[in-house]
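Coordinates in review
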Amino acid sequence: GQQLNQSPQSMFIQEGEDVSMNCTSSSIFNTWLWYKQEPGEGPVLLIALYKAGELTSNGRLTAQFGITRKDSFLNISASIPSDVGIYFCAGPYSGGGADGLTFGKGTHLIIQP
Amino acid sequence: NAGVTQTPKFRILKIGQSMTLQCTQDMNHNYMYWYRQDPGMGLKLIYYSVGAGITDKGEVPNGYNVSRSTTEDFPLRLELAAPSQTSVYFCASSHGTGGSLGQPQHFGDGTRLSIL
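Residues numbered from 1 in each chain as written. Chains lettered and ligands numbered in written order. Predicted model: local features only at pLDDT ≥ 70, side-chain atom pairs only at ≥ 80, totals over all residues. Heavy atoms only, no water.

Once that is clear, we can look at the overall build of chain A. The secondary structure content of chain A amounts to zero helices and eleven strands. Ordering the α and β elements of chain A from the N terminus gives β-β-β-β-β-β-β-β-β-β-β. In summary, chain A has a C-alpha radius of gyration of 14 Å against a globular reference of 13 Å for 113 residues, a match within 12%. When burial is assessed residue by residue, chain A has 46% of its 113 residues classed as buried. Long-range pairs, those at least 24 residues apart, make up 52% of the contacts in chain A with a sequence separation of at least 6. For chain A, the accessible area works out to roughly 5,200 Å², and carbon and sulfur atoms hold 52% of it. (Helix = DSSP H or I, 4+ residues; strand = E, 2+ residues; numbered from the N terminus. Rg over C-alpha atoms; globule rule 2.2 N^0.38 Å. Buried < 20%, exposed > 50% of the residue type's maximum accessible area, 1.4 Å probe, protein only. Contact = heavy atoms within 4.5 Å. Areas by Shrake-Rupley, 256 points an atom, 1.4 Å probe, with all protein chains shown as cover.)

Now the structure itself:
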């Protein structure tokens, strides 16, 4: 089945640092989505990418749809305390014709004061 | 702006008990989904619905049932609770298909279920 591999699993950074994380897939995706989850809440969509090579920003966040269509990257510039959370990549689930999304295991971002 | 509302937020069940997790959305979305999230893992698709009266299995449907009698509501039922079903359950909805078009999904805040 599909597998989404996110790295790193966790990041311990200082406030103000830039952050980079990535996601790779075992199969080609037509869409990449990046979500953030905070404790006790559901995932919230950050950025959606629909075309290979696409680079999209949302404030201090920038995400890219890899040219091979098997990877995507998320960067956060000048991190602030409220960036703490788990960041998930996701793409269309294609197992047995089912609809819905498949998710990576997440990158846990921790900001040290 | 309620969005996707899930109840209850927490529940403890005994093995073999049954319960229904409720989910309702007020965005008039046709597509609704149930996921489970185990510790340190991403979300896995349990069941989904593309409209009232239509449901289908996702990646991990065993032990669960769903129904979709209205556009707004998509309850998830556990008939014989097992410890392996201890998880956080998320309901989501989207305007268009999350599959082929990868339409963004809006999530509820989850139901934390423990089975002892």
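Assigned secondary structure in chain B consists of zero helices and eleven strands. Start at the N end of chain B and walk to the C end: the helices and strands fall as β-β-β-β-β-β-β-β-β-β-β. Principal-axis analysis of the C-alpha atoms gives chain B an extent of 40 × 25 × 25 Å. Across the 116 residues that make up chain B, the buried fraction comes to 48%. Long-range pairs, those at least 24 residues apart, make up 55% of the contacts in chain B with a sequence separation of at least 6. In chain B, 9 positive and 8 negative side-chain charges are present, and the distance between their average locations comes to 8 Å. (Lys, Arg positive; Asp, Glu negative; His and termini not counted. Charge placed at Lys NZ, Arg CZ, Asp CG, Glu CD.)

All right, on to the sheet that holds strand β7 (residues 64-66) of chain B then. Sheet strands pair by backbone hydrogen bonding; their relative direction is either parallel or antiparallel. All names here are of chain B. Sheet architecture is open: four strands sit in the order β1-β3-β8-β7, paired in antiparallel fashion. Whereas interior strands pair on both sides, the edge strands pair on one side only; in this sheet they are β1 (4-7) and β7. Across this sheet, the average inter-strand angle for adjacent strands is 20°, counted without regard to direction. (Pairing = 2+ DSSP bridges. Axes fitted to C-alpha atoms, helices over the stretch in contact; angles between N-to-C directions.)

The next subject is the state of the cysteines. This model, assessed by the stated rule, comprises two disulfides over all chains. The disulfide partner of A:Cys23 is A:Cys89, and the gap between their sulfur atoms is 1.9 Å. In this structure, the disulfide formed by A:Cys23 and A:Cys89 twists by about 50° around the S-S bond and is classed as right-handed. Here A:Cys23, found in strand β3 (residues 19-25), pairs with A:Cys89, found in strand β9 (residues 85-92); they are 66 residues apart in sequence, far enough to count as distant. You can call A:Cys23 buried: its relative accessible area is 0%. Here B:Cys23 connects covalently by a disulfide to B:Cys91, the sulfurs 1.9 Å from one another. (Disulfide = S-S within 2.5 Å.)

Both the distance between ring centres and the angle between the ring planes are used here to describe each pair of aromatic rings. All told, the structure shown has nine aromatic pairs over all chains when counted by the stated rule. Seen from their ring centres, A:Tyr35 and B:Phe107 are 5.6 Å apart, and the 90° between their planes marks the pair as edge-to-face. Residue A:Tyr35 is found in strand β4 (residues 32-37), and its partner B:Phe107 is found in strand β10 (residues 106-107); the two belong to separate chains. A relative accessible area of 0% means that A:Tyr35 is categorised as buried. Exposure remark for B:Phe107: the relative accessible area of 11% places this residue in the buried category. (Phe/Tyr/Trp six-rings, centres within 6.5 Å; stacked < 30°, edge-to-face > 60°.)

This next bit is on the nonpolar core. Residues A:Trp32, A:Trp34, A:Leu74 and A:Leu109 are the most contacted members of the largest nonpolar core, which totals 21 residues. Looking at this core, the elements that each hand over two or more residues are β2 (10-14), β3, β4, β5 (44-49), β7 (61-65), β8 (71-76), β9 and β11 (107-112) of chain A. Aside from chain neighbours lying at most four places away, what touches A:Leu74 is A:Val19, A:Ser20, A:Met21, A:Trp34, A:Leu46, A:Ile47, A:Leu61, A:Thr62, A:Ala63 and A:Tyr87. Counting 19 residues, the second largest nonpolar core, distinct from the first, contains B:Val4, B:Trp34, B:Leu76 and B:Ala81. (Core = buried A, V, L, I, M, F, W, Y, C linked by side-chain atoms within 4.5 Å.)

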